[in-house]
Amino acid sequence: MIVLLTGGTGGAKLVLGFHEETAPEDLVVVCNTADDSVVHGLHVSPDVDTIVYTLAGLIDPAKGWGIRGDTFAVLDQLQRLGNESWFRLGDRDIATHLTRTRMLAQGQPLSLITATLCRELGVSSAVLPMSDERVETRLSTPEGELSFQEYFVKARWQPEVLSLRYQGIEQCRPAPGVLEAIRGADLVAVCPSNPATSIGPILAVPGIREALRETSARVAAVSPMVRGRSFSGPAHRFMAILGVEASVAGLAGAYRDFVDVLVIDTEDRDLQPAVEKLGIDVKATSIRMDTLDDKRRLAREILRFSS
Ligand code: FO1
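Residues numbered from 1 in each chain as written. Predicted model: local features only at pLDDT ≥ 70, side-chain atom pairs only at ≥ 80, totals over all residues. Heavy atoms only, no water.

K.L.:
Kindly report on empty space enclosed by the protein, identifying the contributing residues and their values.
P.N.:
By the definition in use, this model includes 1 cavity of 30 Å³ or more. Space inside the largest cavity adds up to approximately 30 Å³. Every residue along the wall of the largest cavity is listed here: Lys63, Trp65, Gly66, Ile67, Asp70, Phe72, Arg88, Gly90 and Asp93. A per-class count over the lining of the largest cavity returns 3 nonpolar, 2 polar and 4 charged. (1 Å grid on protein atoms, 1.4 Å probe; cavity = no way out; pocket = protein on both sides within 12 Å on 5 of 7 lines; lining within 4 Å. Points joined across faces, edges and corners; volume = space filled by probe spheres on them. Nonpolar A, V, L, I, M, F, W, Y, C, P; charged D, E, K, R; others polar.)

In structure tokens:
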């Protein structure tokens with residue numbers, strides 16, 4: 001069994017690579033839910049939906065989120081009625097959020113709702129939210145505190161981020177199956193997602209980091225950065241908040257208590273000794289994933305050196 005920790009569009013690329021390289025039933029994908037947001041009264045779980053849509057073959061490949069070919073008639077009419085429309089919800093995407101919001105109102109947990117979406121969309125891998133309880137990343141900026149979506153989408157990550165917190169993290173528990181999957185895994189892969197706002201919340205769920213430390217599985221992490229710059233999104237900007245430098249050496253320091261091997265790009269090969277000094281093995285390869293073949297090759301390489 002392979003367990004993947006992921007959040008956002010970068011992580012989804014590697015999840016697809018594993019999905020194409022292994023038996024989908026062998027995959028357990030643990031998703032960040034601290035980016036979740038209530039928009040027009042609908043509960044949106046962006047990182048969960050990006051994985052479900054990716055594995056269902058529905059994802060919009062250009063954006064890495066939302067449904068390919070979706071239309072925006074509802075959003076246009078919402079705007080006409082004076083509603084905010086900066087968070088682009090497509091018509092088919094709204095069907096997912098209506099379903100999730102209805103089931104939440106009926107008292108169903110996020111994990112069961114996600115399993116239902118997977119069943120109806122033909123996804124045979126297990127997609128688990130990190131927790132069934134509400135956790136929300138809150139970012140302190142000079143203009144005040146923002147939710148992740150207000151920062152990432154509405155403010156287009158322009159504001160300076162002074163600090164961040166995962167509201168509700170102390171009271172939350174791992175979703176059913178998360179700890180069992182980590183403990184019983186042959187391989188755990190931390191996907192190339194933002195260490196602070198995608199992987200950080202997952203690691204902060206009480207019990208998850210300990211399970212990662214204790215598991216007999218090999219734990220591999222793929223860097224979301226090359227030469228201190230993230231491929232997409234603001235990951236490099238958040239490293240200072242984690243108290244580490246924006247480099248693979250900084251990342252190794254942030255993950256050192258549970259990661260066995262760090263997968264870095266060949267362009268960062270000069271940092272290999274600094275990472276190995278932390279007691280972490282290093283694999284240097286090309287970690288840029290533009291094509292499906294790139295994603296499959298990286299997954300194959302991780303499978304090979306983790307076996
Ligand atoms: N990202 C954007 O940059 N602009 C959007 O309007 C937007 C809408 C959106 C709707 C549904 C959804 O599941 C994701 C959406 N995203 C959008 C992506 C989302 O903000 C990020 O992928 C994650 O939160 C990053 O982890």
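K.L.:
Can you tell me about the site of the ligand, naming the residues and giving the values?
P.N.:
Taken together, 14 residues lie near the ligand, and Asp35, Pro46, Asp47, Arg88 and Gln149 sit nearest. Here Asp47 contributes a side-chain N or O atom positioned 2.9 Å from an oxygen atom of the ligand. Between the ligand and the protein, one listed contact pairs an oxygen atom with a backbone N or O atom of Arg88 at 2.9 Å. For the ligand, the accessible surface in isolation is 530 Å², of which the surrounding protein chains cover 90%. Contributions of two or more residues to the shell around the ligand are made by helix H2 (46-55) and helix H6 (148-154). Here the shell around the ligand takes 4 residues from H6, the largest share from any one element. (Near = heavy atom within 4 Å. Polar contact = N/O pair within 3.5 Å; in protein donor to acceptor, adjacent residues only side chain to side chain. Areas by Shrake-Rupley, 256 points an atom, 1.4 Å probe, with all protein chains shown as cover. Helix = DSSP H or I, 4+ residues; strand = E, 2+ residues; numbered from the N terminus.)

K.L.:
Requested: an account of the sheet that holds strand S7 (residues 144-147), with residues and values cited.
P.N.:
If you walk across this open sheet you meet the 3 strands as S7-S6-S8, and the pairing is antiparallel. Whereas interior strands pair on both sides, the edge strands pair on one side only; in this sheet they are S7 and strand S8 (163-167). Each strand of the sheet is rotated relative to its neighbour by a mean of 30°, with strand direction disregarded. Looking at chain direction, strand S6 (residues 136-141) and S7 are connected through 4 bridges and run antiparallel. Among the inter-strand pairings, Leu139 is bridged to a residue of S7, identified as Leu146. (Pairing = 2+ DSSP bridges. Axes fitted to C-alpha atoms, helices over the stretch in contact; angles between N-to-C directions.)

Shape is all these values report; function is a separate question.
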